[in-house]
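In case you want the letters, here they are:
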Amino acid sequence: MFRLLFHEPCIPPNTGNAIRLAANTGCQLHLVEPLGFDLSEPKVKRAGLDYHDMASVTVHEDLFAAWGALAPQRVFAFTAHADTFYTDIHYQPGDVLLFGPEPTGLSEEVMSDPHVTERVRIPMLAGRRSLNLANAASIVVYEAWRQHGFAGAV
């Protein structure tokens, strides 16, 4: 399945919603520290509802540790500053879908990491800054899963 990687997420409910996304789609959720919250915070728990035990969630000390654990073949970095649309990618199981922190998005340093295969964007109307992190991740995870016939879904 696909691997969702949040680099230094800051808003607890977004990560809670991503936990729920992981539980319902079978994707893995990987979080790179520092986190802007504690995973035991009520806002994370509330957003994730009772899905925490059904989701695969791993916390990594830093991006270097994440790369070591994931050993990715392909990494797609999501940014408003890209030409390739998320629908132009032919996703493969094991792909890493990389998203940045809510207030800033991915830094140029992270997007320039040699592990990043391609920068990708989700289209929006002109003059808009960004989508909610959990919503953006959901859009991409479901497109990747759709391309594989929603394998495992009922």
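Look a little higher up for the structure.
Every value quoted in this text rests on a predicted model; they were computed, and no experiment measured them.

A. Main features of the overall build of the chain. The helix and strand tally for the chain stands at five helices and seven strands. Across the chain, helices and strands are ordered from the amino to the carboxyl terminus as β-α-β-α-β-α-β-β-β-α-β-α. Taken over the C-alpha atoms alone, the chain extends approximately 40 × 35 × 35 Å along its principal axes. Buried positions account for 45% of the 154 residues belonging to the chain. Carbon and sulfur atoms make up 52% of the accessible area of the chain, which amounts to about 8,000 Å² in all. Looking at the chain, you have 11 positive and 17 negative side-chain charges, and the mean spots of the two groups are 9 Å apart.

B. Inspection of helix H5 (residues 133-147) at higher detail. Between its first and last C-alpha, H5 extends 22 Å over 15 residues, near the 21 Å set by a 1.5 Å rise per residue. Burial in H5 covers these residues: Leu133, Ala134, Ala136, Ala137, Val140, Val141, Glu143, Ala144 and Trp145. Packed against the buried residues of H5 are strand S1 (3-7), helix H1 (12-25), strand S4 (75-78) and strand S6 (96-99). Measuring from the backbone nitrogen of Ala134 back to the side-chain oxygen at the start of H5 gives 2.9 Å, which picks out Asn132 as the cap. Of the residues trailing H5, Gly149 is marked for its positive phi of about 65 degrees.

About the criteria used
- Residues numbered from 1 in each chain as written.
- Predicted model: local features only at pLDDT ≥ 70, side-chain atom pairs only at ≥ 80, totals over all residues.
- Heavy atoms only, no water.
- Helix = DSSP H or I, 4+ residues; strand = E, 2+ residues; numbered from the N terminus.
- Buried < 20%, exposed > 50% of the residue type's maximum accessible area, 1.4 Å probe, protein only.
- Areas by Shrake-Rupley, 256 points an atom, 1.4 Å probe, with all protein chains shown as cover.
- Lys, Arg positive; Asp, Glu negative; His and termini not counted.
- Charge placed at Lys NZ, Arg CZ, Asp CG, Glu CD.
- Expected span 1.5 Å × (residues − 1).
- Contact = heavy atoms within 4.5 Å.
- Polar contact = N/O pair within 3.5 Å; in protein donor to acceptor, adjacent residues only side chain to side chain.

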